[in-house]
Amino acid sequence: MTTYDDRASLTDLTAVVERVRSSVEGVIEGKPEVVRLSLTVLLAEGHLLIEDVPGVGKTMLAKALARSIDCSVRRIQFTPDLLPSDITGVSIWDQQRQDFEFKPGAIFAQVVIGDEINRASPKTQSALLESMEERQVTIDGKTYELPSPFLVVATQNPVEMEGTYPLPEAQRDRFMARVSVGYPSAEAELRMLDVHGGVSPLEDLQPVAHAHEIVKLIEAVRGVHVSDAVRRYAVDLVGATRTHPDLRLGASPRATLHLLRAAKASAALSGREYALPDDVQALAVAVLAHRLLPTAQAQLNRRTAEQVVHEILQHTPVPATSHQQSGFGLGRGAQAYPQQPPRRL
């Protein structure tokens with residue numbers, strides 16, 4: 001496997017992402033945008049919530065991403081009888097040493113797959129709060145650091161709600177983005193029958209990137225430049241959710257931070273060392289919608305959070321950019337976005 005020194009360029013490092021992307025797309029047929037968003041969340045040091053109906057490949061996507069990276073992987077099947085200690089770990093009395101010995105739980109892995117997270121009780125769900133935000137676990141007054149990189153990929157089924165516990169707002173706010181896999185096209189479903197008809201493609205899936213390469217990628221993403229105009233654009237979008245008449249709960253400051261980090265990761269995936277308004281706009285729905293709560297009147301009118309975010313995008317002035325290929329027109333009275341010189345990360 002190729003290794004990189006501290007002077008490696010962003011272009012060199014994104015070759016690792018291409019290998020991971022190709023590996024995952026070999027399992028998840030016809031969903032390149034879903035795979036790209038998953039990689040964006042990984043490089044932005046976030047966590048991913050996959051929400052969709054049964055049988056569309058939610059768990060398959062999480063497993064394919066985890067197996068494509070040479071990282072420690074643990075899978076947690078959330079059930080009503082799952083205890084918080086099953087996730088975080090527990091201290092057990094050692095008769096020989098006459099002392100307590102800490103037994104790490106499933107959260108002590110670099111990639112943690114939480115299957116059907118809304119099947120567990122709120123008490124068990126809350127065991128993830130500290131680890132997802134602070135990347136540490138506190139047991140009996142002692143704090144244990146989690147490995148790096150650290151990614152939680154959780155799945156939930158929004159249709160079959162019997163015996164489930166909806167994720168509270170604080171829990172949803174920990175997830176950087178929510179993605180819906182959706183049904184495949186007819187062509188993709190035919191290819192799936194050929195590929196998955198015999199054995200599962202996960203059985204032959206081999207790691208194509210090491211953990212230290214992912215850490216290098218994350219460091220490179222941190223160095224992506226974001227202009228003041230793009231920062232202001234992200235703040236304006238999030239601020240608009242807090243005053244929109246169809247929302248009784250807007251996005252938090254954590255959402256602004258997640259939106260900016262995701263935009264930087266998206267720019268890196270596109271081979272750029274600077275973020276554009278395109279990156280913010282393209283990720284706004286995935287990053288913001290799951291954090292918003294529509295009002296009762298909006299729900300009666302069948303207005304979804306996604307529709308509200310699209311409306312905010314249409315009415316929020318976009319910063320003008322000198323990059324004509326970005327696809328945006330001139331912003332309405334917005335500050336120009338300067339050309340950024342190439343840098344070594």
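Residues numbered from 1 in each chain as written. Predicted model: local features only at pLDDT ≥ 70, side-chain atom pairs only at ≥ 80, totals over all residues. Heavy atoms only, no water.

Trainee: Please clarify how the overall build of the chain should be interpreted in this entry.
Mentor: Scanning the chain for helices and strands turns up 14 helices and 13 strands. Burial status across the chain gives 52% buried among its 345 residues. Within the chain, contacts between residues separated by at least 24 positions form 76% of all contacts whose residues are at least 6 apart in sequence. Of the roughly 16300 Å² of accessible surface on the chain, a fraction of 52% belongs to carbon and sulfur atoms. (Helix = DSSP H or I, 4+ residues; strand = E, 2+ residues; numbered from the N terminus. Buried < 20%, exposed > 50% of the residue type's maximum accessible area, 1.4 Å probe, protein only. Contact = heavy atoms within 4.5 Å. Areas by Shrake-Rupley, 256 points an atom, 1.4 Å probe, with all protein chains shown as cover.)

Trainee: Got a minute to help me understand the confidence of the model for the chain in this structure?
Mentor: Detailed reading of predicted coordinates is not advised where the pLDDT is low. Averaged over every residue, the pLDDT of the chain is 84; residues scoring 70 or more account for 87%. Counted against residues more than four places away or in other chains, residues 323-345, with its pLDDT under 50, gives 57 contacts. (pLDDT = per-residue confidence, 0-100.)

Trainee: So what exactly am I meant to see when it comes to the packing of helix α10 (residues 228-243) against helix α12 (residues 277-288) here?
Mentor: One way to put it is that α10 packs onto α12 with a least axis distance of 10 Å and a crossing angle of 25 degrees. On the basis of their axis angle, the class for α10 and α12 is roughly parallel. Our pair here, α10 against α12, has a crossing hand that is right-handed. Mapping the contact onto sequence places Val230, Tyr233, Ala234, Leu237 and Val238 in α10 and Pro277, Val280, Gln281 and Leu288 in α12. Residues belonging to the contact of α10 with α12 are distributed by class as follows: eight nonpolar, one polar and no charged. (Axes fitted to C-alpha atoms, helices over the stretch in contact; angles between N-to-C directions. Parallel < 35°, antiparallel > 145°, perpendicular 65-115°, else oblique. Left-handed = near helix turned anticlockwise from the far one by under 90°. Nonpolar A, V, L, I, M, F, W, Y, C, P; charged D, E, K, R; others polar.)

Trainee: Sorry if this is basic, but what is going on with the environment of leucine 61 here?
Mentor: Turning to its location among the elements, leucine 61 is positioned in helix α3 (residues 58-67). Sequence-wise, leucine 61 and lysine 31 are 30 residues apart; in three dimensions their C-alpha atoms are separated by 10.0 Å. With sequence-adjacent residues up to four places away left out, leucine 61 is seen in contact with Val24, Ile28, Val34, Val35, Ser38, Ile50 and Val181.

Trainee: I would appreciate a short explanation of α12 in the present structure.
Mentor: Given 3.6 residues per turn, any residue in an α-helix points the same way as the ones three and four places further on. If you check α12, its first and last C-alpha atoms are 16 Å apart, about what 12 residues at 1.5 Å a residue would give, namely 16 Å. For α12, the buried fraction is high: nine of the 12 residues fall into the buried class. Looking only at α12, the buried set comprises Pro277, Asp278, Asp279, Val280, Leu283, Ala284, Ala286, Val287 and Leu288. Summarising the contacts, the buried residues of α12 are in contact with α2 (32-43), β10 (177-179), α10, α11 (253-269) and α14 (305-315). (Expected span 1.5 Å × (residues − 1).)

Trainee: Sorry if this is basic, but what is going on with the nonpolar core here?
Mentor: One recurring pattern in soluble globular proteins is that nonpolar side chains are buried together. By size, the foremost hydrophobic cluster in this structure holds 74 residues, and its most contacted members are Val24, Leu61, Val280 and Leu288. Broken down by element, this core gets its largest block of residues, nine residues, from α11. Once residues lying within four places of it in the same chain are set aside, the contact partners of valine 24 are Val35, Leu61, Ala64, Leu65 and Ser68. In this structure, Val112, Leu128, Leu146 and Ala154 belong to the second largest nonpolar core, which totals 24 residues. (Core = buried A, V, L, I, M, F, W, Y, C linked by side-chain atoms within 4.5 Å.)

Trainee: In this structure, what is going on with the side chain of threonine 88? I would like to understand it.
Mentor: Inspection of the secondary structure assignment puts threonine 88 in helix α4 (residues 84-88). Here threonine 88 falls in the buried class, since its relative accessible area comes to 9%. Ignoring anything within four residues of it in the chain, the contact list for threonine 88 reads Phe102, Pro104, Gly105, Ile107, Phe108, Ala127, Val137 and Ile139.

Trainee: Would you explain the sheet that holds β10 in this entry?
Mentor: Sheet strands line up and pair through hydrogen bonds in the backbone, either parallel or antiparallel. Strand order in the open sheet formed by five strands is β3-β6-β9-β1-β10, and the pairing between neighbours is parallel. Every interior strand has two partners, whereas the edge strands, β3 (73-77) and β10, have only one. On average, each strand axis in the sheet is tilted by 20 degrees relative to the strand beside it, whichever way the strands run. In this sheet, strand β9 (residues 151-156) lies alongside strand β1 (residues 48-51) in parallel orientation, the contact comprising four bridges. Looking across to β9, one finds that leucine 49 is bridged to alanine 154. (Pairing = 2+ DSSP bridges.)

Trainee: Could you clarify how one ought to interpret the side chain of serine 266 in this entry?
Mentor: Secondary-structure assignment places serine 266 in helix α11. The class for serine 266 is buried, based on a relative accessible area of 8%. Residue contacts for serine 266: discarding those within four places in its chain leaves Arg36, Thr40, Asp279 and Leu283.

Trainee: I keep staring at the pattern of salt bridges and nothing clicks. Help me out?
Mentor: Side chains bearing opposite charge may pair, as long as their charged atoms lie close to each other. Per the stated rule, a full pass over the model turns up 16 salt bridges. In this structure, arginine 222 and glutamate 45 form a salt bridge, with 2.7 Å as the shortest nitrogen-oxygen distance. One end of the pair, arginine 222, is in helix α9 (residues 211-222); the other, glutamate 45, is in the loop between α2 and β1, with 177 residues separating them in the sequence. With a relative accessible area of 49%, arginine 222 lands in the partly exposed category. (Salt bridge = Lys/Arg side-chain N within 4 Å of Asp/Glu carboxyl O.)

Trainee: Explain the environment of tyrosine 233 to me, please; I cannot follow it from the model alone.
Mentor: As for its placement among the helices and strands, tyrosine 233 is situated in helix α10. Through-space distance from the C-alpha of tyrosine 233 to that of proline 317 is 7.7 Å; in sequence the pair is 84 residues apart. Not counting residues up to four positions away in its chain, the partners in contact with tyrosine 233 are Pro277, Val280, Gln281, Leu313, Thr316, Pro317, Val318 and Pro319.

Trainee: What is the right way to read the pairing of β1 from this model?
Mentor: Each regular strand displays side chains that alternate between the two surfaces of the sheet. Covered by surrounding structure in β1 are Leu48 and Ile50 together with Leu49 and Glu51, the residues of both alternating faces. Across three bridges, β1 lies against β10 in parallel orientation. Directly across from leucine 48, in β10, lies its bridge partner alanine 177.

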